[in-house]
Amino acid sequence: MSDFSQSPVIAVLGPTNTGKTHLAVERMCAHSSGMIGFPLRLLAREVYDRVVALKGASRVALVTGEEKIIPPDARWFLCTAEAMPVHRDFSFVAIDEAQLGINPERGHIFTDRMLNVRGRDETMILGSDSLRPLVQQLIPDAEIISRPRFSTLSYAGSRKLSRLPRRSAIVAFSLEDVYAIAEMLRRQHGGAAIVMGSLSPQTRNAQVKMYQDGEVDYLVATDAIGMGLNLDVSHVAFASLRKFDGHRRRRLTLAEIGQIAGRAGRHQKDGSFGVLSGLDSSDELEPEEIERLEQHDFPRLEWLYWRNSEPDLTSVTSLIQSLEEKPGDRLLQAAPEAVDLAVLKRLAQDQDITRLATGRDRVGLLWEAASIPDFRKVGADHQARFVASLWPFLAQGNGRIPHARMAQEIARLENVQGDISTLAARISAARSWSYIAQKSRWVEQADVMVKRTRVLEQRLSDAMHNQLTQRFVDKRTRVLMRGLMKDAMPQYVALEADGAVLVDGLEIGMLRGFQFSVPSDSRREDRKMLLAAAERYLGPIMTDKADALAKAPDNELTLAADEAGQPVIHWQGTKLAVLTKGKNLLHPEIKFDRALKDMSSENCKKAEERIKQWVEAMKAKHLEGLVKIDVLANDAATPASVRALFAQIVDAGGIIMRRHIDQAVRALDNDLRGVARRGGLVFGALDIFHHALMKPGAVLWRNALFAALDEQPMIALPDDNAVHLKDWKFAAPEHASRLGFRRIAGEYVRVDMAERLVKQAHEARKAGPVFTIDPALATSLGLSAEIHEELLAMAGFVKTDEKPQVSGTDKAPDTAEAAETAPAEASQPEAPVAQEGVETAQATASNETAPVEASSAEAVPTEEPSAETPATYWRWKGMAKARSAKSNDHNARPRGKKPGKKFGKADSKARKPEPVLATAGGAFAELAALKETMKK
């Protein structure tokens with residue numbers, strides 16, 4: 001050790017935030033050489049970087065247990081207290097945080113450095129003012145300089161974690177508490193940096209930089225923060241006032257509390273300290289303690305721990321005895337058994353180990369091996385086994401750990417995958433091998449191993465930093481929550497073309513239409529908070545969106561079934577509203593999406609009005625004829641018989657089987673039927689329907705309105721141009737009619753196409769009582785002969801073995817016969833029937849496809865079919881009279897059964913026609929025509 005008894009010793013004592021370390025660095029740099037011993041590797045690294053900036057990397061050394069950077073021309077050394085090269089000659093020497101001589105585990109190191117290590121020209125002891133009486137007695141010639149705190153420190157009381165001010169450090173004393181607090185800060189404030197003594201310098205520096213740069217506003221730390229780390233902290237909050245010191249769980253001393261709390265405030269900036277809400281009453285600070293903390297008035301130290309720094313190395317036994325030697329000064333106490341001594345004692349019990357520890361050199365080597373720090377915190381037993389595995393290599397042969405063995409151990413740790421605890425364990429193990437690699441006498445290819453362990457620790461540290469950041473930092477939450485603060489600066493909010501919402505350039509979610517969604521990678525527990533915070537930024541954007549919807553053309557809004565089959569209105573890919581059960585089929589209730597309700601009342605009103613307008617416009621466009629019929633059905637001026645008929649047609653959605661209302665149809669005179677035909681109704685032989693309801697838009701809207709009314713899922717739709725469904729299943733019989741199809745022998749034919757085929761058959765009747773029907777039209781529709789024949793049979797035609805007569809003696813049925821057998825009234829002027837999807841069909845159909853009588857008394861000759869294809873001959877038999885019961889109605893619901901329930905409760909009561917406004921332009925004109933007819 002240095003022996004400069006005449007060099008001056010200066011003790012700079014005072015509370016934290018007095019610039020003691022800064023003063024020591026300035027004094028050291030003013031000397032030709034110097035060394036400072038620090039309590040933490042982290043602090044040594046921080047000051048090393050500062051001195052390198054002043055003196056250059058080639059003249060500054062860093063010496064810690066795991067890391068040694070010693071350039072050949074190094075003159076200024078920054079070290080941990082344990083790693084100080086005490087036998088080197090330096091002009092200046094300083095010991096930082098000398099009051100740690102009271103620490104049970106490491107106190108004897110600081111006591112030894114304070115008493116025995118000296119600089120050639122100057123020695124400086126830095127520490128708390130509580131050290132003053134011991135310095136005065138142990139080093140009587142020392143000059144004591146008191147350093148007052150630059151700023152004030154005040155008690156801020158107890159606060160919830162969510163109420164802590166920005167730039168706060170929360171101190172906890174267990175890994176579990178550190179992680180739990182960091183997790184809560186991530187949820188509430190967007191994240192926190194982590195600072196623990198067990199972190200590698202690289203990880204710690206990356207975390208501190210994140211805090212110092214303002215990427216996070218909070219810091220969660222262990223009591224390592226009290227060991228001189230220079231951070232921009234305004235408030236220190238204690239999560240607990242108790243810690244486990246390696247032997248028992250005890251309350252912090254007032255000096256320890258003051259050391260940590262003193263980190264709040266820097267230079268002229270005041271600081272505060274307090275506790276988190278929820279501490280046990282026994283942990284609360286007493287008023288007297290608070291006063292003393294604010295005044296930096298701590299109990300004076302009465303003794304320091306001491307251990308013989310020059311033990312007897314003649315044998316293992318004498319080594320242990322000398323390490324347990326009692327100090328001769330009452331101001332010093334024997335240090336408790338540290339891990340290194342406990343490991344040595346366990347090694348001494350193994351005869352194979354002690355047999356190799358003979359002579360001073362070997363005993364000293366064993367003591368050096370036993371002093372490998374327990375970075376893994378596994379305890380003396382496990383650490384002794386680790387040292388024992390290395391001892392045979394150190395004590396025999398060339399005295400070096402084989403390169404292959406060390407390389408194997410390092411390779412085992414080179415996996416950067418895993419969670420935080422896994423990476424922390426690997427880093428601890430890597431630190432052990434880094435420490436060993438720095439012992440150049442212990443390893444083969446020392447330079448290679450030093451470099452490899454350094455790279456390993458760097459990779460693991462980077463992975464650890466990434467894991468900590470990923471787990472405990474949420475940049476989106478930080479940006480959003482920071483904007484909610486009273487003193488928040490204006491933030492730039494932008495909406496990208498793809499819907500991404502950016503706040504200060506950071507994506508916080510997606511806005512599709514009026515629906516804001518948080519990113520898919522957000523944690524479930526964060527979603528509610530993100531949605532609430534995002535409302536602040538979406539106000540102007542929502543106003544623009546509401547204006548855009550109000551001006552949007554009709555083709556930008558769509559109607560489609562969602563996953564549950566509900567009829568949903570969409571705009572720009574987002575859900576606006578759902579059609580639900582209303583007064584009747586044509587007047588559903590519009591249930592607006594919650595996203596619209598969350599907007600301002602003005603924006604909500606604009607959006608809802610536009611949706612209502614669109615629904616009315618779509619009904620007028622696709623269901624115009626049905627709307628007209630509904631208006632007439634609810635007009636008091638319409639004759640009762642007509643109102644009843646029209647009401648049934650509206651309830652059926654504009655398509656109904658003729659047999660159900662045949663009597664009501666027959667009761668209409670020609671004038672009333674003419675009005676109905678001009679309104680678009682087709683009185684077919686099998687079905688009565690509105691010709692425009694076959695179009696795809698009409699089918700979609702009728703499907704949606706029935707789904708809303710019955711509170712059932714929408715029916716799956718066939719292709720728009722489909723007129724024949726061969727392999728198709730409907731969940732309920734009435735579903736076929738709602739899509740405009742009629743069931744024929746297990747297959748389905750669109751009703752207008754079925755009526756066209758029936759009309760073709762009646763046209764063929766003109767040839768005589770027995771006739772043939774050209775199958776080309778049926779074939780063009782994809783119908784087989786069997787299905788065609790079944791359809792004709794339903795329409796009153798039967799096959800016959802008779803041959804048509806080519807003479808002129810047979811005549812077509814007379815008018816009286818037709819009146820008795822035809823299912824509908826006499827033929828009316830023709831109008832075209834909808835033909836979507838049937839481009840091959842050439843005929844046009846009349847609005848009534850009832851049987852047509854022959855206009856001539858003479859039968860029209862029928863061309864005989866070729867001999868190769870047997871002809872099928874038909875005769876008109878007439879349709880059976882309609883029954884009052886609907887047991888055979890394949891499009892009606894089974895009597896007494898309610899519709900199934902999918903997304904609401906079905907109403908089984910019969911629907912009554914409700915009076916409605918005439919929304920279709922031609923309704924009043926039709927009603928006027930009807931009235932004129934009635935007057936005549």
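For the structure, check the block above.
The structure displayed is predicted, hence computed values, not measured ones.

J.: Sorry if this is basic, but what is going on with the sheet that holds strand E20 (residues 500-503) here?
T.: For sheets, the rule is that strands pair by backbone hydrogen bonds, running either parallel or antiparallel. Taking strand neighbours across the sheet as the criterion, the 4 strands line up as E19-E20-E21-E22 in an open arrangement whose pairing is antiparallel. Looking along the sheet, the strands with just one partner apiece sit at the ends: strand E19 (493-495) and strand E22 (515-517). Averaged over all pairs of adjacent strands, the angle between their axes in this sheet comes to 30°, without regard to strand direction. Sheet topology note: the strand E21 (residues 506-512)/E22 ladder contains 3 bridges and is antiparallel. The residue of E22 that forms the bridge with Met510 is Ser517.

J.: How should I be thinking about the nonpolar core in this particular structure?
T.: In globular proteins that are soluble, nonpolar side chains generally tend to be buried together. Ranked by size, the top nonpolar core spans 70 residues in total, and within it Ile170, Leu344, Trp391, Met406 and Ile436 carry the most contacts. Counting 68 residues, the second largest nonpolar core, distinct from the first, contains Ile590, Phe646, Ala647 and Ile688.

J.: In this structure, what is going on with the pairing of E20? I would like to understand it.
T.: Put simply, side chains in a regular strand alternate between the two faces of the sheet. The two faces of E20 match: Ala500 and Leu502 on one face and Val501 and Val503 on the other face are all buried. In terms of strand pairing, E19 meets E20 through 3 bridges, oriented antiparallel. For Leu495, the partnering residue across the bridge sits in E20 and is Val501. Here E19 hands over to E20 after 4 residues, with Gly499 in that stretch at a positive phi of 95°. Judged from the 4 bridges that link them, E20 and E21 form a sheet pairing that is antiparallel. What sits directly across from Ala500, in E21, is Met510.

J.: Explain helix H29 (residues 785-794) here, please?
T.: Think of an α-helix as 3.6 residues a turn; residues three or four steps apart then line up on the same face. Turning to H29, its buried residues are Ile787, His788, Leu791 and Leu792. All buried residues of H29 project into a common sector of 140° when viewed along the axis, lining one side. Elements in contact with the buried residues of H29: strand E31 (741-744), strand E32 (747-750), helix H27 (751-764), helix H28 (776-780), strand E34 (797-800) and strand E35 (873-876). Backbone geometry just downstream of H29 places Gly796 in the positive-phi region, at approximately 100°.

J.: Could you clarify how one ought to interpret the sheet that holds strand E25 (residues 574-584) in this entry?
T.: Spatial ordering of the open sheet is given by E23-E24-E25-E26, a layout of 4 strands whose pairing is antiparallel. The sheet terminates laterally at strand E23 (557-561) and strand E26 (587-592), the two strands that pair on one side only. Neighbouring strand axes in the sheet, compared pairwise and without regard to direction, differ in orientation by 35° on average. For strand E24 (residues 567-571) and E25, the ladder comprises 4 bridges, and the chain directions are antiparallel.

J.: I keep staring at unusual backbone geometry and nothing clicks. Help me out?
T.: Most peptide bonds take the trans configuration, and most residues that are not glycine carry a negative phi. Even without a glycine there, the phi angle at Lys377 is positive, about 55°. Along the chain, Lys377 turns up in the loop between helix H12 (359-370) and helix H13 (380-395). Positive phi outside glycine occurs at Ala745, with the angle close to 50°. Inspection of the secondary structure puts Ala745 in the loop between E31 and E32.

J.: Where do I start with the packing of helix H1 (residues 20-30) against helix H2 (residues 41-55) in this structure?
T.: Two measures define how a pair of helices packs: the angle their axes make with one another and the distance between the axes. The N-to-C vectors of H1 and H2 enclose an angle of 35°; their axes lie 12 Å apart at closest approach. Taken as a pair, H1 and H2 cross one another with a handedness that is right-handed. In this structure, H1 contributes Thr21, His22, Val25, Met28 and Cys29 to the contact, and H2 contributes Val47, Arg50, Val51, Leu54 and Lys55. Residues that form the contact of H1 with H2 fall into these classes: 6 nonpolar, 2 polar and 2 charged.

J.: Help me understand the packing of aromatic side chains in this model?
T.: Between two aromatic rings, the relevant description is the distance of the centres plus the angle of the planes. Following the criterion strictly, the structure yields 11 aromatic pairs and no others. Note on Tyr155 and Phe273: the rings are 5.3 Å apart at their centroids and 55° apart in plane angle, and the pair reads as tilted. Here the residue Tyr155 occupies a position in strand E9 (residues 153-159), and Phe273 occupies one in strand E16 (residues 271-276), the gap between them amounting to 118 residues. Judged by its relative accessible area of 0%, Phe273 is buried.

J.: I'm lost on the environment of Trp303 in this one. Help?
T.: With respect to the element layout, Trp303 can be found in the loop between helix H8 (287-295) and strand E17 (304-306). For Trp303, a relative accessible area of 24% gives the class partly exposed. C-alpha separation for the pair Trp303 and Leu131, spaced 172 residues apart in sequence, amounts to 9.2 Å. Every residue in contact with Trp303, bar those within four places of it in the chain, is listed here: Ile102, Leu134, Arg330, Leu331, Leu332 and Gln333.

J.: Explanation requested: the pattern of salt bridges in the structure shown.
T.: Between side chains of opposite charge, a pair can form when the charged atoms approach closely. Counted according to the given criterion, the structure contains 48 salt bridges. With its nearest N and O atoms 2.7 Å apart, the salt bridge here joins Glu122 to Arg27. Of this pair, Glu122 sits in strand E7 (residues 122-127) while Arg27 sits in helix H1, and the two are 95 residues apart along the sequence. Taking the shortest distance from any N to any O, the salt bridge between Asp223 and Lys243 comes out at 2.7 Å. Taken together, the residues span a long stretch of sequence, with Asp223 in the loop between strand E12 (218-221) and strand E13 (235-238) and Lys243 in strand E14 (residues 242-244) at a distance of 20 residues. For Lys243, a relative accessible area of 14% gives the class buried.

Procedures and definitions
Residues numbered from 1 in each chain as written. Predicted model: local features only at pLDDT ≥ 70, side-chain atom pairs only at ≥ 80, totals over all residues. Heavy atoms only, no water. Pairing = 2+ DSSP bridges. Helix = DSSP H or I, 4+ residues; strand = E, 2+ residues; numbered from the N terminus. Axes fitted to C-alpha atoms, helices over the stretch in contact; angles between N-to-C directions. Core = buried A, V, L, I, M, F, W, Y, C linked by side-chain atoms within 4.5 Å. Buried < 20%, exposed > 50% of the residue type's maximum accessible area, 1.4 Å probe, protein only. Arc of directions from axis to C-beta. Contact = heavy atoms within 4.5 Å. Left-handed = near helix turned anticlockwise from the far one by under 90°. Nonpolar A, V, L, I, M, F, W, Y, C, P; charged D, E, K, R; others polar. Phe/Tyr/Trp six-rings, centres within 6.5 Å; stacked < 30°, edge-to-face > 60°. Salt bridge = Lys/Arg side-chain N within 4 Å of Asp/Glu carboxyl O.

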